[in-house]
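Next come the chains, spelled out residue by residue.
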Amino acid sequence: MHIITVEGIGNCRRGLHPVQERLAEAHGSQCGFCTPGFVMSMYALLRSSKQPPTKEQIEDSLAGNLCRCTGYRPIIDAFGVFAKTDDSLYTASPSESANGKAICPSTGKPCLCRNETDVNGNESSLLSSVKTYLPSSYNEIDGNAYNEKELIFPPELQLRKIMPLRLNGFNGVRWYRPLKLDQLLQLKSCYPEAKLIIGNSEVGVETEFKNAQYGVMISVTHVPELHTLKVEEDGLRIGSAVRLAQLQDFLKKVIAERGSLQTSSCQAILRQLKWFAGTQIRNVASVGGNICTASPISDLNPLWMSTGATFQIIDVNNNVRTTVAKDFFLGYRKVDLKDDEVLLSVILPWTRPFEYVKEFKQAHRRQDDIALVNAGMRVHITEAEGNWIVSDVSIVYGGVAAVPLTAGKTESFLVGKKLDYGLLDEAFNLLKEDIPLAENAPGGMVEFRSSLTLSFFFKFFLYVTHEMNTKGLSEGLDVANMSAIQSYTRPVTTGTQGYELVRQGTAVGQPMVHLSAMLQLPNFPLGSLVSSSQKMCPVLTILGQLDSSKKRILGQLSMMGRFLHLMSLLVLARSLESLWQTPMIMQKLLQIK
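Residues numbered from 1 in each chain as written. Predicted model: local features only at pLDDT ≥ 70, side-chain atom pairs only at ≥ 80, totals over all residues. Heavy atoms only, no water.

## Side note on the overall build of the protein
Going by this rule: Strands here are runs of E lasting at least two residues and helices are runs of H or I lasting at least four, both read from the DSSP assignment and numbered beginning at the N terminus. A simple rule labels every residue: compare its accessible area, found with a 1.4 Å probe on the protein chains alone, to the largest value its type can have, and call it buried under 20%, exposed over 50%, or partly exposed in between. Throughout, a contact is declared for two residues whenever any of their heavy atoms are within 4.5 Å. Accessibility throughout is a Shrake-Rupley quantity obtained with a 1.4 Å probe, and a residue counts as covered only by protein chains that appear here.
Looking only at helices and strands, the protein features 22 helices and 17 strands. Counting only residues that meet the buried cut, the protein has 44% of its 593 residues in that class. Considering only residue pairs separated by 6 or more positions, the protein has 63% of its internal contacts joining residues 24 or more positions apart. For the protein, the accessible area works out to roughly 31800 Å², and carbon and sulfur atoms hold 53% of it.

## Section: the packing of helix H2 (residues 18-25) against helix H3 (residues 35-48)
To characterise two packed helices, one gives the angle between the axes of the helices and the distance between these axes. Counted only if it meets this: Simply put, an axis is a line fit to the C-alpha atoms, just over the touching stretch for a helix, and the angle between two N-to-C directions goes from 0 to 180 degrees. To sort the angles, those under 35 degrees are grouped as roughly parallel, those over 145 as roughly antiparallel, those from 65 to 115 as roughly perpendicular, and the leftovers as oblique. Should the near helix be turned anticlockwise from the far one by less than a right angle, the crossing is termed left-handed; should it be turned clockwise, right-handed. Just so you know the grouping, Ala, Val, Leu, Ile, Met, Phe, Trp, Tyr, Cys and Pro go in nonpolar, Asp, Glu, Lys and Arg go in charged, and all remaining residues, Gly too, go in polar.
Across the interface, H2 lies against H3 with an axial gap of 9 Å and an inter-helix angle of 130°. With respect to H3, the element H2 is oriented oblique. The hand of the H2/H3 crossing is right-handed. Contacts from Val19, Gln20 and Leu23 of H2 reach H3 at Thr35, Val39, Met42 and Leu46. Here the contact of H2 with H3 is composed, by residue class, of 5 nonpolar, 2 polar and no charged.

## Section: the pattern of salt bridges
The following threshold applies: Any carboxyl oxygen of Asp or Glu within 4 Å of a side-chain nitrogen of Lys or Arg constitutes a salt bridge here.
Taken as a whole, this structure holds 16 salt bridges when the rule is applied. Residue Arg321 pairs with Asp336 through a salt bridge whose shortest N-O separation is 3.3 Å. Pair noted here: Arg321 is in strand E10 (residues 320-324) and Asp336 is in the loop between strand E12 (334-335) and strand E13 (341-349), with a separation of 15 residues, a long-range link. Looking at Asp336, the relative accessible area reads 23%, which means it is partly exposed.

## A short note on the packing of aromatic side chains
Threshold: Stacked, tilted and edge-to-face pairs are distinguished by plane angle, under 30 degrees for stacked and over 60 for edge-to-face with tilted covering the rest, among Phe, Tyr and Trp rings (Trp via its six-membered ring) whose centres lie within 6.5 Å.
Within this structure, the stated rule accounts for 10 aromatic pairs. With a centroid separation of 5.0 Å and an interplanar angle of 85°, the aromatic rings of Phe311 and Phe328 are classed as edge-to-face. On the criterion of sequence distance, the pair formed by Phe311 in strand E9 (residues 310-315) and Phe328 in the loop between E10 and strand E11 (329-331) is long-range, its members being 17 residues apart. Since its relative accessible area comes to 0%, Phe311 is described here as buried. Residue classification places Phe328 among the buried positions, given a relative accessible area of 0%. Residues Tyr356 and Tyr463 carry aromatic rings whose centres are separated by 6.5 Å and whose planes lie at 90° to one another, so their mutual orientation is edge-to-face. Of this pair, Tyr356 sits in strand E14 (residues 355-363) while Tyr463 sits in helix H17 (residues 446-470), placing them 107 residues apart in sequence. Aromatic rings pair up to connect Phe311, Phe328 and Phe329 into one cluster.

## Description of the nonpolar core
This is how the line gets drawn: Joining through side-chain atoms within 4.5 Å is the link that ties buried Ala, Val, Leu, Ile, Met, Phe, Trp, Tyr and Cys residues into a set, and such a set is a nonpolar core.
Met377, Val379, Ile395, Tyr397, Phe456, Phe457 and Val464 are the most contacted members of the largest nonpolar core, which has 39 residues in total. Of all the secondary-structure elements, those providing two or more residues to this core are E14, strand E15 (371-384), strand E16 (387-398), helix H15 (408-414), helix H16 (424-434) and H17. A per-element tally of this core places H17 first, with 11 residues. Not counting residues up to four positions away in its chain, the partners in contact with Phe456 are Phe360, Lys361, Gln362, Val373, Asn374, Ala375, Met377 and Tyr397. Counting 37 residues, the second largest nonpolar core, distinct from the first, contains Leu270, Ala309, Ala325 and Trp350.

## Description of the confidence of the model for the protein
Quick reminder of the rule: As a per-residue quantity, pLDDT reports the predictor's confidence and falls between 0 and 100.
With 77% of its residues at a pLDDT of 70 or more, the protein shows a mean pLDDT of 80. Note that residues 112-147 has pLDDT below 50 and, in this model, 74 contacts with residues that lie over four places away or in other chains. This model gives residues 541-593 a pLDDT under 50, and the stretch forms 56 contacts once residues within four places in sequence are excluded.

## Let's talk about H3
Going by this rule: To estimate the expected span of a helix, subtract one from its residue number and multiply by 1.5 Å.
Over its 14 residues, H3 runs 20 Å from end to end, which matches the ideal 20 Å to within 8%, given 1.5 Å per residue. Thr35, Pro36, Phe38, Val39, Ser41, Met42, Tyr43, Leu45 and Leu46 are the residues of H3 that are buried. For H3, the secondary structure elements touched by its buried residues are helix H1 (6-9), H2, helix H4 (55-61), helix H5 (72-80), helix H12 (279-282) and helix H18 (517-520).

Here it is as structure tokens:
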């Protein structure tokens with residue numbers, strides 16, 4: 001394992017990485033608390049992309065990052081320059097419109113940000129502040145202030161032989177990392193109640209916030225039999241340890257190769273994964289972890305059930321059994337999995353001609369939120385005596401009970417009938433019986449959630465009707481209903497800020513990068529614990545040995561600025577215990593030139 005930190009990609013001593021530099025120049029940092037996270041998310045995207053990413057990919061990669069003071073516009077603007085859509089906008093000479101005004105690379109429209117004659121006044125200090133808005137060019141290796149090579153995975157780690165691990169933790173906790181399925185099963189036979197871990201996205205929450213305790217934990221990240229991704233004759237074989245991000249990439253490839261006839265279920269799962277947590281969670285969370293956690297609001301479990309997926313389970317004696325997804329969930333966070341068994345893989349069957357699968361999810365917000373109600377629905381339509389009737393249907397809802405609920409009565413009613421508007425009223429009445437929500441149901445919002453169950457089915461009906469209409473087998477939809485079947489899309493986020501440049505003193509009213517930004521970007525340590533045999537000297541000695549760059553930063557601060565910066569030093573340096581030395585620290589700071 002090789003861990004790259006925000007301090008490792010660039011800092012004030014070695015030079016900032018282009019990602020860090022751009023965020024500071026675009027005023028994307030204020031308090032600095034969220035800044036390292038944004039930097040590393042963008043850095044990870046650039047390092048993992050073979051081509052400069054699109055603006056949509058940039059926004060998706062930042063979906064798991066939160067900022068509560070800066071606002072997202074300057075952050076998105078800062079990173080938007082890494083998505084080159086027109087190279088001419090990022091050359092040394094700016095593009096110009098017919099009237100001679102520069103073209104803004106963010107909006108593609110004429111702007112004043114690069115026209116020195118249009119800036120109020122000819123003062124050099126004001127013009128120098130305008131240069132912070134110049135677009136940064138994307139370079140795969142170096143930036144303007146970054147003179148080091150990009151970090152690579154250490155060759156010595158690549159050559160190192162991977163070994164099974166056994167670690168002992170506090171309070172007798174034991175942690176194992178097997179490398180083969182046989183080793184995993186042997187550990188499971190010795191420790192039947194051991195907790196299997198992959199990304200720790202659920203177990204970490206349980207131990208940190210729910211006081212859960214697990215004496216033995218087994219990491220299955222290196223068991224190849226659990227990481228299978230295969231295209232087989234009867235469907236897809238998906239290993240239980242496959243990461244959700246890996247599943248996304250795999251499904252995209254399968255859909256492109258197989259077409260839409262066989263991959264309706266793949267497309268539904270792929271669409272649902274888009275709104276499943278954020279990129280950071282999908283990178284570590286696994287298919288099997290989400291299944292075995294058996295959350296009532298899991299976005300994927302209703303889809304596994306409705307698509308007819310089966311789960312392969314292996315015990316410590318290498319006996320493999322298969323169970324359908326509909327029978328796997330027994331109760332609240334209880335599944336059909338014994339202590340001596342491990343979920344091996346998921347078999348997702350191909351869809352047949354005229355078989356349609358659709359996913360649904362409603363939450364308080366679109367991204368990074370748990371579902372109020374979700375659902376997976378599938379229908380297979382066949383021709384009988386000149387009519388197209390329902391031969392098989394599956395309707396499963398999540399978020400309405402301790403386990404995903406199947407609408408059994410509604411399914412039985414639909415089988416053998418022609419799917420048209422005439423059966424909707426009866427289907428709605430049966431759905432109310434199949435999916436009851438008591439007034440005191442956990443989660444509240446009972447009336448709204450009940451209406452969602454009906455709305456989802458109506459949308460599914462419209463979706464299937466439209467798909468059949470495209471093949472000339474049914475009547476078309478009314479224009480008023482077309483919006484119900486359209487997938488949610490939104491344009492790339494854009495925003496502008498208009499203000500008048502009015503000088504008030506040296507810096508007030510000017511778009512200047514605040515001096516702490518360069519220190520916040522690499523999460524630069526502002527204090528540390530120092531031991532000394534004498535009082536009154538350690539902190540003064542350290543502050544007196546600051547390098548020239550930090551002396552310049554501190555020296556440029558005004559009297560009030562120095563005081564506020566000093567207060568931030570003392571607050572952030574939580575390990576400093578001798579706060580009674582504050583007056584002498586203040587005196588030393590004021591002496592820095």
